[in-house]
Amino acid sequence: MSLVMPLPEQAIMARREELLARLRAILPAANVIADETARRAYECDALVMYRALPLVVVLPETVAQVSAIMALAQEMNVKVVPRGAGTSLSGGALPLEDGILLGMSKFNRILEVDFENRCARVQPGVQNLVISKAVEYAGFYYAPDPSSQIACTIGGNVGENAGGVHCLKYGLTTNNILGLEMVLMGGEILRLGGKHLDSELYDLMGLMTGSEGLLGVVTEVTVRLLQKPVSARGLLLAFPTVEAGARCVGAIIARGIIPGGLEMMDAATIGAVENFQPCGYPLDAGAIVIVELDGTPAEVDHLVAVVEQIARAEGATETRVSQSEAERLRFWAGRKNAFPAVSCIGPDYLCMDGTIPRGRLPEVLTRMDALAKFHGLRVANVFHAGDGNLHPLILYDASKEGEIERAEKLGADILRLCVEVGGVLTGEHGVGVEKRDLMGEMFDETDLAQQQRVKCAFDPQHRLNPGKVFPTLHRCAELGMMHVQGGKLPFPELPRF
Amino acid sequence: MPLTPRDEKDVAEAICAAIAEDAPLSIEGHGSKSSLGRATQRERVLSLAALAGVTLYEPQELVLTARAGTPLREIVALLDAQNQQLAFEPMDHAALLGGARDDATIGGVIAVNASGPRRIKAGAARDHLLGFRCVTGRGEIVKSGGRVMKNVTGYDLSKLVAGSYGTLAALTEATLKVLPKAETEETLLLRGLGEEKGLAALRKASGSPYEVSSLAYDPQGDAAALRLEGPEISVTTRRDDLARFLAGFGGATEVLRADESRAFWTRVRDAEPIAGEGVIWRVSLAPSDGFAFVERLRGAGAPLVAHIYDWAGGLVWLRLETAADAHATAIRAIVDALGGHATLIRADAATRARVDVFHPQPSALASLTRRVKEAFDPRFILERGRLRAEF
Ligand SMILES: Cc1cc2nc3c(=O)[nH]c(=O)nc-3n(C[C@H](O)[C@H](O)[C@H](O)COP(=O)(O)OP(=O)(O)OC[C@H]3O[C@@H](n4cnc5c(N)ncnc54)[C@H](O)[C@@H]3O)c2cc1C
Ligand SMILES: Cc1cc2nc3c(=O)[nH]c(=O)nc-3n(C[C@H](O)[C@H](O)[C@H](O)COP(=O)(O)OP(=O)(O)OC[C@H]3O[C@@H](n4cnc5c(N)ncnc54)[C@H](O)[C@@H]3O)c2cc1C
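Residues numbered from 1 in each chain as written. Chains lettered and ligands numbered in written order. Predicted model: local features only at pLDDT ≥ 70, side-chain atom pairs only at ≥ 80, totals over all residues. Heavy atoms only, no water.

Trainee: What is the right way to read the overall build of chain A from this model?
Mentor: Within chain A, the regular secondary structure consists of 18 helices and 19 strands. Computed over C-alpha atoms, the radius of gyration of chain A comes to 24 Å, within 12% of the 23 Å expected from 2.2 N^0.38 for 497 residues, which places it in the range of a compact globule. Classification of the 497 residues of chain A by burial places 63% in the buried group. The contacts of chain A with a sequence gap of at least 6 include a subset with a gap of at least 24, amounting to 72%. A total of about 17,700 Å² of accessible surface is found on chain A, and carbon and sulfur atoms cover 54% of it. (Helix = DSSP H or I, 4+ residues; strand = E, 2+ residues; numbered from the N terminus. Rg over C-alpha atoms; globule rule 2.2 N^0.38 Å. Buried < 20%, exposed > 50% of the residue type's maximum accessible area, 1.4 Å probe, protein only. Contact = heavy atoms within 4.5 Å. Areas by Shrake-Rupley, 256 points an atom, 1.4 Å probe, with all protein chains shown as cover.)

Trainee: I keep staring at the overall build of chain B and nothing clicks. Help me out?
Mentor: In terms of helices and strands, chain B carries 14 helices and 17 strands. On C-alpha atoms alone, chain B measures out to a radius of gyration of 21 Å, which is about the 21 Å that the 2.2 N^0.38 rule sets for 391 residues. Counting only C-alpha atoms and orienting by the principal axes, one finds that chain B spans roughly 65 × 50 × 35 Å. Counting only residues that meet the buried cut, chain B has 64% of its 391 residues in that class. Counting contacts in chain B only where the partners sit at least 6 residues apart, residues at least 24 apart contribute 72% of the total. Just so you have it, chain B exposes about 12,800 Å², and 49% of that area is on carbon and sulfur atoms.

Trainee: Please clarify how unusual backbone geometry should be interpreted in this entry.
Mentor: Residues other than glycine predominantly adopt negative phi, and peptide bonds predominantly adopt the trans conformation. All names here are of chain B. A positive phi is found at Asp102, a non-glycine position, where the angle reads about 55°. One can find Asp102 in the loop between helix H3 (94–97) and helix H4 (106–111). With relative accessibility at 42%, the residue Asp102 sits in the partly exposed group.

Trainee: When you look at the state of the cysteines in this model, what are you seeing that I'm missing?
Mentor: Here is the idea: a disulfide is a covalent bond, and it sits between the sulfur atoms of two cysteines. All names here are of chain A. This structure, assessed with the given rule, holds one disulfide over all chains. In this model Cys456 forms its disulfide with Cys476; the gap between the sulfur atoms is 2.0 Å. With the S-S dihedral at roughly -90°, the linkage between Cys456 and Cys476 falls on the left-handed side. Of this pair, Cys456 sits in helix H17 (residues 445–458) while Cys476 is found in helix H18 (residues 476–479), placing the two residues 20 residues apart along the sequence. The class for Cys476 is buried, based on a relative accessible area of 18%. (Disulfide = S-S within 2.5 Å.)

Trainee: Teacher, can you tell me more about helix H9 (residues 242–254) of chain A here?
Mentor: Residues lying three or four places apart along an α-helix face the same way, a consequence of the helix completing one turn every 3.6 residues. All names here are of chain A. Here H9 contains 13 residues, and its C-alpha end-to-end distance of 18 Å stays within 8% of the 18 Å for a straight helix at 1.5 Å per residue. H9 sits mainly inside the fold: 10 of its 13 residues count as buried. Val242, Ala244, Gly245, Ala246, Cys248, Val249, Gly250, Ala251, Ile252 and Ile253 are the residues of H9 that are buried. Once H9 ends, the next one or two residues include Gly256, with phi positive near 90°. (Expected span 1.5 Å × (residues − 1).)

Trainee: I keep staring at the interface of chain A and chain B and nothing clicks. Help me out?
Mentor: Quoted interface sizes are often the accessible area lost when the parts come together. Chain A puts 99 residues into the contact, and the matching count from chain B is 93 residues. Together, the buried faces of chain A and chain B total about 7,900 Å²; carbon and sulfur atoms form 59% of this surface. Counting across the chain A and chain B interface gives seven salt bridges. Taken together, the connections running from chain A to chain B amount to 29 residue pairs in polar contact (both at pLDDT 80 or more). Going through the elements one at a time, strand E9 (189–193), helix H8 (204–208), H9, strand E14 (287–295), helix H11 (297–313), helix H16 (439–442) and H17 of chain A are the ones with two or more residues in the side of chain A that touches chain B. Top contributing element to the side of chain A that touches chain B by residue count: H17 of chain A, with nine residues. (Buried area = accessible area lost by both parts, 1.4 Å probe. Salt bridge = Lys/Arg side-chain N within 4 Å of Asp/Glu carboxyl O. Polar contact = N/O pair within 3.5 Å; in protein donor to acceptor, adjacent residues only side chain to side chain.)

Trainee: What exactly am I supposed to notice about the side chain of Glu212 of chain A here?
Mentor: Among the structural elements, Glu212 of chain A can be located in the loop between H8 and strand E10 (217–224). It is Lys435 of chain A that comes nearest to the buried, bridge-free Glu212 of chain A among opposite-charge side chains, at 7.2 Å. Of note is the side chain of Glu212 of chain A, whose polar atom sits 2.7 Å from the backbone nitrogen of Gly432 of chain A. With sequence-adjacent residues up to four places away left out, Glu212 of chain A is seen in contact with Gly159, Glu160, Gly430, Val431, Gly432, Asn465 and Val469 of chain A together with Val152 of chain B. (Lys, Arg positive; Asp, Glu negative; His and termini not counted.)

Trainee: It is not clear to me how the sheet that holds strand E3 (residues 79–83) of chain A should be interpreted in this structure. Could you clarify?
Mentor: Two orientations exist for strands paired in a sheet by backbone hydrogen bonds: parallel and antiparallel. All names here are of chain A. The strand order E1-E2-E4-E3 describes an open sheet built from four strands, whose pairing is mixed. The sheet terminates laterally at strand E1 (32–33) and E3, the two strands that pair on one side only. Bridging between E1 and strand E2 (residues 56–58) involves two bridges; their strand directions are antiparallel. When the bridges of E2 are listed, Val32 appears paired with Val58. Docked against the sheet, helix H2 (residues 16–26) engages E1, E2 and strand E4 (99–103), running at close to 10° with respect to E2. (Pairing = 2+ DSSP bridges. Axes fitted to C-alpha atoms, helices over the stretch in contact; angles between N-to-C directions.)

Trainee: Honestly, the sheet that holds strand E4 (residues 63–67) of chain B in this entry has me stumped. Any pointers?
Mentor: Residue and element names in this part refer to chain B. In space, the five strands of this open sheet follow the order E3-E4-E8-E6-E7, with antiparallel pairing throughout. Sheet topology places strand E3 (54–58) and strand E7 (141–145) at the edges, where each strand pairs with a single neighbour. Between one strand axis and the next, the sheet turns by 15° as a mean value, whatever way the strands run. Where E3 lies against E4, four bridges are found, and the strand directions are antiparallel. Its bridge partner lying in E4, Val54 is registered against Ala66.

Trainee: I'm lost on the site of ligand 1 in this one. Help?
Mentor: Residues and elements named next belong to chain A. Taken together, 33 residues sit near ligand 1, with Pro82, Gly84, Thr87, Ser148 and Thr153 positioned nearest. Here Asn465 contributes a side-chain N or O atom positioned 3.4 Å from an oxygen atom of ligand 1. Isolated, ligand 1 exposes 970 Å² of accessible area, and the fraction of that covered by the protein chains is 93%. Those elements that place two or more of their residues in the shell around ligand 1 are E3, helix H6 (154–160) and E10. Looking at the shell around ligand 1, the element that brings in the most residues is H6, giving five residues. Residues of the shell around ligand 1, tallied by class, amount to 12 nonpolar, 17 polar and four charged. (Near = heavy atom within 4 Å. Nonpolar A, V, L, I, M, F, W, Y, C, P; charged D, E, K, R; others polar.)

Trainee: Sorry if this is basic, but what is going on with the nonpolar core here?
Mentor: Burial of nonpolar side chains together is a common tendency in soluble globular proteins. The biggest cluster of nonpolar side chains holds 213 residues, and the ones touching the most others in it are Leu204 and Phe458 of chain A together with Leu160, Leu226, Trp281, Phe293 and Trp317 of chain B. Among the elements that make up this core, the one with the highest residue count is helix H15 (residues 403–420) of chain A (nine residues). For Leu226 of chain B, the contacting residues outside a window of four places in its chain are Glu186, Thr187, Leu188, Leu190, Leu202, Ala205, Val212, Ser214, Leu215, Leu242, Leu246 and Trp265 of chain B. Core analysis: the second largest hydrophobic core is formed by 26 residues, Leu19, Ala34, Ile69 and Leu464 of chain A among them. (Core = buried A, V, L, I, M, F, W, Y, C linked by side-chain atoms within 4.5 Å.)

Trainee: Would you explain the pairing of E4 of chain B in this entry?
Mentor: Here is the key point about a regular strand: its side chains alternate between the two faces of the sheet. For E4 of chain B, a buried count of four out of five residues is recorded, marking the element as mostly surrounded by other parts of the structure. Between E3 of chain B and E4 of chain B, which follow one another and run antiparallel, lie four residues, and Leu62 of chain B among them has a positive phi close to 60°.

Trainee: Would you explain the pattern of salt bridges in this entry?
Mentor: Pairing between side chains of opposite charge can happen when the charged atoms of each approach one another. All names here are of chain A. Overall, the coordinates contain 69 salt bridges over all chains when judged by the stated rule. The shortest N-O distance in the salt bridge between Glu220 and Arg121 comes to 3.0 Å. Of this pair, Glu220 sits in strand E10 while Arg121 sits in strand E6 (residues 119–122), placing them 99 residues apart in sequence. In this structure, a network of salt bridges that share partners links the residues Glu112, Asp114, Arg121, Glu181, Arg191, Lys195 and Glu220.

Trainee: Help me understand the packing of aromatic side chains in this model?
Mentor: The geometry of an aromatic ring pair is captured by two quantities: the separation of the ring centres and the angle between the planes. All chains considered together, the criterion is met by 10 aromatic pairs over all chains. A ring pair is formed by Phe339 of chain A and Tyr349 of chain A, whose centres lie 6.2 Å apart and whose planes are at 70°; its orientation type is edge-to-face. Of this pair, Phe339 of chain A sits in helix H13 (residues 338–343) while Tyr349 of chain A sits in strand E16 (residues 348–351); the two residues are 10 residues apart in sequence, bridging distant segments of the chain. Aromatic side chains Tyr217 of chain B and Tyr309 of chain B sit 6.2 Å apart centroid to centroid with 55° between the ring planes, which places their arrangement in the tilted category. With Tyr217 of chain B in strand E11 (residues 212–218) and Tyr309 of chain B in strand E15 (residues 304–310), the pair connects residues that are 92 residues apart, well separated along the chain. What makes Tyr217 of chain B buried here is its relative accessible area of 2%. Residue Tyr309 of chain B is classed as buried on the basis of its relative accessible area, which comes to 0%. Three or more aromatic residues joined by ring pairs form one cluster here, namely Phe115, Tyr137 and Phe140 of chain A. We note Lys204 of chain B situated over the ring of Phe245 of chain B; from NZ or CZ to the ring centre the distance is 4.1 Å. (Phe/Tyr/Trp six-rings, centres within 6.5 Å; stacked < 30°, edge-to-face > 60°. Lys NZ or Arg CZ within 6 Å of the ring centre and 35° of its normal.)

Shown next as structure tokens:
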């Protein structure tokens with residue numbers, strides 16, 4: 001395996017007993033997990049190829065406890081890795097052998113629902129879907145809907161700026177939260193935002209979102225609630241090729257329509273899905289596009305007609321419009337099952353996550369195919385077509401000599417390709433440890449140094465989730481040095497340029 | 001005479017020179033708002049006006065890249081021709097601050113995170129900034145983000161620079177998400193409900209499924225206003241549904257059709273109904289606290305001349321008679337009790353030097369804010385004193 005994590009610091013390991021004793025002074029004994037077998041349960045997140053046994057797992061129940069743990073860790077110079085449900089696909093919640101794993105699962109309460117201000121205050125360990133379920137009776141929901149929403153927590157969603165099929169129209173986590181409470185590495189408790197809009201001065205809440213647990217521990221989130229649209233209908237569009245499907249997606253958006261969901265699957269994925277749990281997708285299609293339109297019935301009917309017409313003009317071989325809620329859900333069933341379905345056609349898969357300018361889709365898919373052939377592996381594709389977010393699933397067999405390494409190489413090549421065409425390394429799963437060493441593909445040294453200086457403002461000793469996101473750790477003192485190149489100007493008072 | 005760099009390298013050179021000589025720099029777009037905020041301690045002005053021009057516009061991809069000094073009106077016109085828009089509706093301050101209309105640069109718009117009535121549905125400027133290039137207060141050219149809609153590669157520095165008032169870096173280029181314009185719009189007006197009930201109607205509507213995109217209450221005309229945007233067929237049916245949904249509140253209803261509706265919201269966006277003599281504040285709170293705030297302010301005896309509520313009551317614009325502290329003590333005490341923040345938008349320079357223009361922060365947050373400033377600009381070269389006297 002190609003990943004190199006920093007070596008565990010012996011000085012920390014040597015003081016484990018003292019650390020445990022002091023943690024037990026902060027937390028009830030049952031919330032300090034020191035036993036090896038019990039710690040095993042936390043040894044990886046959903047990026048299962050990387051594992052490490054945490055030094056100790058702690059499960060705080062109050063903000064005061066989180067604050068005390070952080071202050072203790074800072075004092076004893078111990079690393080801390082925050083963890084929600086551990087569904088991260090990029091290794092963001094991968095434990096460290098010389099670090100505390102701070103599990104937030106006991107922060108599982110919804111503290112307040114405020115329909116008048118269309119928001120809810122929730123603890124970070126509440127699962128994404130639980131929020132929507134809790135407000136459903138009044139017709140509300142929380143819009144960002146990662147496929148992992150049954151399991152993943154809102155704290156982890158903030159950590160990764162998670163998205164889902166609704167995000168094209170309703171935005172990502174960052175666009176749907178109003179306030180945060182967080183604890184800094186030194187134990188300071190901060191509140192950002194609240195029930196009002198826009199921070200004054202620096203938008204630290206926006207910065208925290210997607211910071212992958214490197215800046216602070218989220219202990220409370222105020223989320224925006226939306227009223228459910230009165231109606232929604234789905235379209236299932238089949239195309240002979242992925243290119244034709246991609247053109248249709250572009251044409252829908254060019255017409256000024258932003259659907260509630262706009263997803264695409266290639267032939268390999270369609271086959272896998274139909275094999276796994278048939279839901280009536282056309283097996284002869286090169287690609288299918290699923291479109292969801294929501295709003296008032298009159299608006300939806302109108303838009304359905306427009307989209308159908310666009311699809312025909314772009315060469316759709318089949319257009320189905322959902323006639324009932326059950327049918328709409330059936331259109332989505334296959335898409336929602338795509339990941340487990342694909343895991344049935346190859347023993348293992350690596351789920352990649354890059355975003356590209358939508359217009360480059362056909363080119364990227366063709367070149368991705370060639371890369372897969374080169375590495376001797378297969379790739380199945382499902383993507384958030386509306387925003388160009390690709391999830392190539394690289395199929396491999398871990399039991400075969402060298403396949404993991406080949407899969408990793410192919411993954412890296414695919415992400416490089418995404419950056420080359422103007423895209424980015426990750427659209428929603430985060431950098432974590434998985435893409436850490438590829439950061440240089442997108443950013444130069446100066447860009448990365450500036451990002452790490454931001455880290456220093458929050459955590460000068462790099463104790464919070466180190467080894468993630470940044471390829472090399474710089475010391476804050478070194479990052480603080482100034483290199484003034486311009487030197488003195490001869491006549492500063494004269495206008496220049 | 002401002003320094004007027006023509007490219008990013010020039011900007012870097014100017015900032016490096018300023019660092020070397022410890023000569024604080026003020027950054028300007030068109031300088032249309034230099035009377036706002038705290039006065040900066042500046043020795044030189046760095047104008048980005050010459051760094052202009054749209055460098056990429058792909059309507060199908062919903063993306064546009066422009067150099068920071070590009071006039072906003074140029075971008076709006078370009079988008080208009082493709083039936084697209086900046087959905088966050090940047091406000092124009094001419095009514096409040098004097099000066100020419102439509103005189104902002106895109107860099108200035110982002111630097112103040114300007115947004116208008118559609119903020120509650122479409123988000124603020126910050127939500128539309130996909131990526132940028134800049135020169136930091138260390139004189140280094142840095143880029144962040146990208147040009148695609150979904151991106152979580154590294155920290156989201158776009159959120160930091162949006163609303164940083166030029167104190168972290170001079171933006172040199174911005175990449176924005178643009179959106180299709182609605183086919184049409186209409187505004188439902190409910191008149192004669194009075195302030196408290198009018199605002200309650202807005203909050204009820206904001207939790208309705210009719211996708212109301214803007215909600216304002218203007219006490220001057222006793223009008224609760226609700227904007228609906230979308231395809232014609234959808235707008236008319238939603239307007240009828242909404243009117244029925246709110247029927248219980250009573251009041252006379254009136255409908256503003258497309259052009260009238262647009263004109264109405266431009267006035268709200270620019271806070272025109274409160275323009276006039278005196279000091280001006282902008283207060284952001286929970287929508288349900290908007291009315292309570294104004295009531296308490298009246299109760300405290302503040303000489304309120306005019307006010308208007310946007311964002312379903314979550315944004316209150318106020319004009320008051322002039323006073324030594326611009327009524328900061330009274331306003332801030334109420335906002336602190338309710339939660340939110342209050343910005344002094346207009347007052348004379350002496351007042352702005354005495355009073356905190358931006359809302360004071362608790363100490364842990366204030367020191368983190370300062371450390372973030374130092375991460376970009378350790379010598380406080382850019383816009384020194386703009387946000388706080390200390391930095
Ligand atoms: C089958 C499957 C489908 C998925 N589909 C999607 C999808 O559609 N869209 C999408 O965006 N993602 C998806 N994911 C990825 C993952 O579910 C999300 O990234 C999710 O947000 C992680 O939440 P979590 O609670 O599991 O966090 P974890 O995995 O525990 O942690 C994620 C990161 O957040 C940090 N973190 C967690 N809690 C806190 C906290 N309280 N304070 C500070 N930092 C914290 C961690 O340190 C880590 O860096 C999917 C994953 C799986 C396994
Ligand atoms: C302190 C202050 C508060 C304001 N509050 C609001 C508000 O709450 N809501 C609102 O909608 N509008 C607000 N504005 C108005 C806003 O400035 C205008 O709408 C418009 O953005 C001004 O454009 P301009 O090019 O003339 O900017 P200028 O007046 O030249 O500059 C405005 C601010 O942006 C900075 N700036 C300009 N260009 C750049 C750049 N390229 N890189 C980095 N920084 C740059 C300047 O340093 C200055 O702080 C505020 C302005 C200021 C200065």
